[in-house]
Amino acid sequence: MCDAHKSRCTPLYRRGRWLLVLVLGLVLVILYYALEPSSGSLPSCLLLRLTGFRCPGCGTQRAVHALLHGDFAQGIAYNYSLLFTVPILALYIGDALWGEKTPRLRGFLHHPIVILLLVSILLAWWILRNCWGY
């Protein structure tokens, strides 16, 4: 990105990007801390309402809310996939922010086999949680 757009490589641009990420993250944390998901103030899962099947992300809003309140066991109980999605998401966020500094990690994360593996894990989780009620 920096080679093609030299004007975007300035330290001010990088600081602005960090500031934007920080502000958006802070706003999300405040919203999820303040709003109770079961009160109906947050959107519910459309797939669950229409079909009765839980999507891979069902329970994530309640899980994030519980984690922000320090209740880690309850947060994981709402959606067990947080055990593997949070670290993977952190890697991809890190790649988006610092990808040019870690080309080997970027190459690994964007490799077709890794993407296929992640999609397979997601589909397996989707099937398992609806078959066995996770």
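Cut-offs and rules
- Residues numbered from 1 in each chain as written.
- Predicted model: local features only at pLDDT ≥ 70, side-chain atom pairs only at ≥ 80, totals over all residues.
- Heavy atoms only, no water.
- Helix = DSSP H or I, 4+ residues; strand = E, 2+ residues; numbered from the N terminus.
- Buried < 20%, exposed > 50% of the residue type's maximum accessible area, 1.4 Å probe, protein only.
- Contact = heavy atoms within 4.5 Å.
- Areas by Shrake-Rupley, 256 points an atom, 1.4 Å probe, with all protein chains shown as cover.
- Expected span 1.5 Å × (residues − 1).
- Salt bridge = Lys/Arg side-chain N within 4 Å of Asp/Glu carboxyl O.
- Phe/Tyr/Trp six-rings, centres within 6.5 Å; stacked < 30°, edge-to-face > 60°.
- Arc of directions from axis to C-beta.
- Disulfide = S-S within 2.5 Å.

Enquirer: Looking at this structure, I do not really get the overall build of the chain. What am I missing?
Expert: In terms of helices and strands, the chain carries seven helices and zero strands. Each helix (α) and strand (β) of the chain, taken in turn from the N terminus, gives the series α-α-α-α-α-α-α. When burial is assessed residue by residue, the chain has 16% of its 134 residues classed as buried. For the chain, the share of sequence-separated contacts (at least 6 apart) that also reach a separation of at least 24 residues comes to 48%. Element-wise, carbon and sulfur atoms account for 73% of the exposed surface of the chain, whose accessible area totals about 9,800 Å².

Enquirer: Could you clarify how one ought to interpret helix 5 (residues 82-98) in this entry?
Expert: Because an α-helix completes one turn every 3.6 residues, residues spaced three or four positions apart along the sequence face the same direction. In a regular helix each residue adds 1.5 Å, so 17 residues correspond to 24 Å; helix 5 covers 23 Å between its end C-alpha atoms and thus fits that length. All buried positions along helix 5 are accounted for by Leu82, Gly94, Asp95 and Leu97.

Enquirer: How do you make sense of the pattern of salt bridges when you look at a structure like this?
Expert: Side chains that differ in charge, positive against negative, can pair when their charged atoms come close. If you walk through the whole model with that rule in mind, you get one salt bridge. Residue Asp95 is joined to Arg106 by a salt bridge in which the shortest nitrogen-to-oxygen separation is 3.0 Å. Placement of Asp95 in helix 5 and of Arg106 in helix 6 (residues 103-109) is noted, with a sequence separation of 11 residues between them. Under the relative-accessibility criterion, Arg106 is labelled partly exposed at 33%.

Enquirer: Which parts of the structure should I look at to understand the packing of aromatic side chains?
Expert: By convention here, two paired aromatic rings are described through the distance between centres and the angle between planes. Taken as a whole and judged by the stated rule, the model has one aromatic pair. Seen from their ring centres, Phe84 and Trp125 are 6.4 Å apart, and the 80 degrees between their planes marks the pair as edge-to-face. Pair noted here: Phe84 is in helix 5 and Trp125 is in helix 7 (residues 112-132), with a separation of 41 residues, a long-range link. When its relative accessible area of 10% is taken as the criterion, Trp125 is described as buried.

Enquirer: Teacher, can you tell me more about the environment of Gly57 here?
Expert: The topology assignment puts Gly57 in the loop between helix 2 (46-51) and helix 3 (60-68). Gly57 sits 21 residues away from Tyr78 along the chain, and the two C-alpha atoms are 9.9 Å apart. Setting aside anything within four residues of it in sequence, one finds Gly57 in contact with Asn79 and Arg129.

Enquirer: Got a minute to help me understand the side chain of Asp95 in this structure?
Expert: Since its relative accessible area comes to 4%, Asp95 is described here as buried. Apart from the residues lying within four places of it in its own chain, the contact partners of Asp95 are Arg106, Leu109 and His110.

Enquirer: Can you walk me through helix 7 in this structure?
Expert: With 21 residues, helix 7 ought to run about 30 Å at 1.5 Å a step, and its terminal C-alpha atoms sit 30 Å apart, in line with that. Looking at helix 7, one finds that the buried residues are Val114, Trp125 and Arg129. Taken down its axis, helix 7 places every buried residue within 40 degrees of arc, on the same side. Structural note: helix 7 exposes Pro112, Ile113, Leu116, Ile127 and Cys131 on the side pointing more than 90 degrees away from its buried face. Buried residues in helix 7 make contact with helix 4 (72-78), helix 5 and helix 6. Immediately beyond the C-terminal end of helix 7, within one or two residues, lies Gly133, with a positive phi of roughly 75 degrees.

Enquirer: What exactly am I supposed to notice about the state of the cysteines here?
Expert: Each disulfide consists of a covalent bond between the sulfur atoms of two cysteine residues. The final tally for this structure, using the stated rule, is zero disulfides. Cysteine Cys55 shares no disulfide, and the gap to the nearest cysteine sulfur, in Cys58, comes to 3.6 Å. You can call Cys55 buried: its relative accessible area is 18%. Unpaired in terms of disulfides, Cys58 finds its nearest cysteine sulfur in Cys45, a separation of 3.4 Å.

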